[in-house]
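# Architecture and fold: a report
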Amino acid sequence: MTDNAAAPICLARPLSGPGTDRAGGCAAARGGDGRPLHAAALKFFWGPMDCGKSTMALQMNYNHARQGRRGLVTTRIDRSLGPQVTTRIGLAHAAIEVTDELDLRDLVRDALADGIRVDYLICDEASFYNLEHVEQMAELVDEYDVDVYAFGLATDFRSCLFPAAQRLFELADEVARIQIEVLCWCGREGLLNARVVHGRVVREGEQVVIGDTVDDADVRYQVLCRRHYRSGDLGPR
Ligand SMILES: [Zn+2]
């Protein structure tokens, strides 16, 4: 996948625009509004840190691209702090950095204006997007027939939903918890993302603070089971 590192847009099939019948020439069933009944979808895949969300995002991109679909990959505050999706197991892919000002619809419209069809969006770290971005995702699905696959955390270090995650839970056609288990130090399934500052679990502060999951970081995150999240027990060091 690193071969594609400079190409967030995957080029393969001939051009078509929004509303195109994507059933390969077969007439798709249409609803009362004339649009396909089974068209694009907004899907949200969520899980705690370290559960492989970005790995799954890149695998999803690979699977779709190899079938000739064209996609855009976006991210926000990737662990590399650069415009790319990186994974803890070493995969990397160039991506478009999402800023407050960025309109996801413009990405698709600009691509179409350049003659590049967009079949899907892979939105990594989607919990860090703002609420407008989630509305834009829904519009891309409903008005442009673009599939949107969003990946992200559900809850922050206080165990409260990120606003964008909450909106994705509300709007998505499909929500799935990523099934790769992350274990708490006790061996139970990890669920919550504790923020650890100078060795102690903190429960107040900014919702987004950059940190890592490595042991020696000033601010780090550790996935804990609910029991040990609640007690603040980080386990034997
Ligand atoms: Zn535990």
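Since the structure is predicted, the reported quantities are computational estimates derived from the model, not experimental observations. (Residues numbered from 1 in each chain as written. Predicted model: local features only at pLDDT ≥ 70, side-chain atom pairs only at ≥ 80, totals over all residues. Heavy atoms only, no water.)

## Notes on the sheet that holds strand β6 (residues 120-123)
Going by this rule: Pairing between strands is defined by DSSP: at least two bridges between the two strands are required. Secondary structure elements are defined from DSSP: runs of H or I of at least 4 residues count as helices, runs of E of at least 2 residues count as strands, and each element is numbered from the N terminus. Residue contacts are counted whenever heavy atoms from the two residues lie within 4.5 Å of one another. Angles run from 0 to 180 degrees between N-to-C directions of axes, and those axes are lines fitted to C-alpha atoms, restricted for helices to the stretch in contact.
In spatial order, the strands read β5-β2-β6-β7-β1-β8; together these six strands make up an open sheet with parallel pairing. Looking at strand neighbours, the two that pair on one side only are β5 (96-97) and β8 (174-177), the edges of this open sheet. Direction of pairing for strand β2 (residues 71-75) relative to β6: parallel, over a ladder of four bridges. Across the sheet, the residue bridging to Thr 74 is Cys 123, located in β6. Packing against the sheet, helix α3 (residues 131-144) makes contact with β1 (42-46), β6 and β7 (147-152), and its axis sits at approximately 155° to β7.

## Observations concerning unusual backbone geometry
Just so we agree on the cut-off: Classification of residues uses two cut-offs on accessible area relative to the type maximum, computed with a 1.4 Å probe and protein chains only: under 20% is buried, over 50% is exposed, and between them is partly exposed.
Non-glycine residue Ser 159 carries a positive phi angle of around 70°. Structurally, the position occupied by Ser 159 is in the loop between β7 and α4 (163-171). Overall, the relative accessible area of 32% leaves Ser 159 in the partly exposed class. A positive phi angle, close to 50°, is found at His 198, a residue other than glycine.

## Examining the pairing of β1
By the criterion of burial, β1 is predominantly enclosed, with four of the five residues buried. Pairing of β1 with β7 involves five bridges; the strand directions are parallel. Residue pairing for β7: Leu 42 is matched across the bridge by Val 148. Of the pairings in the sheet, the one linking β1 to β8 comprises four bridges and is parallel in character. What sits directly across from Trp 46, in β8, is Arg 177.

## Quick look at the coordination of the zinc ion
Which entries qualify depends on this criterion: Sites may look incomplete because water is not among the atoms; the donors themselves are N, O and S atoms within 2.8 Å of the metal, or within 3.2 Å for Na, K and Ca.
Looking at the metal site, the zinc ion is ligated by Cys 184 (SG), Cys 186 (SG), Cys 225 (SG) and His 228 (ND1), spaced 2.1 to 2.3 Å from it. Counting along the primary sequence, the residues that act as donors to the zinc ion give the motif C-x1-C-x38-C-x2-H. Of this pair, Cys 186 sits in the loop between β8 and β9 (192-197) while His 228 sits in helix α5 (residues 226-231), and the two are 42 residues apart along the sequence. For Cys 186, a relative accessible area of 29% translates into the label partly exposed. A residue is classified by how much of its surface remains accessible, and His 228, at 10% relative accessible area, is buried.

Shape descriptors only; they carry no functional weight alone.
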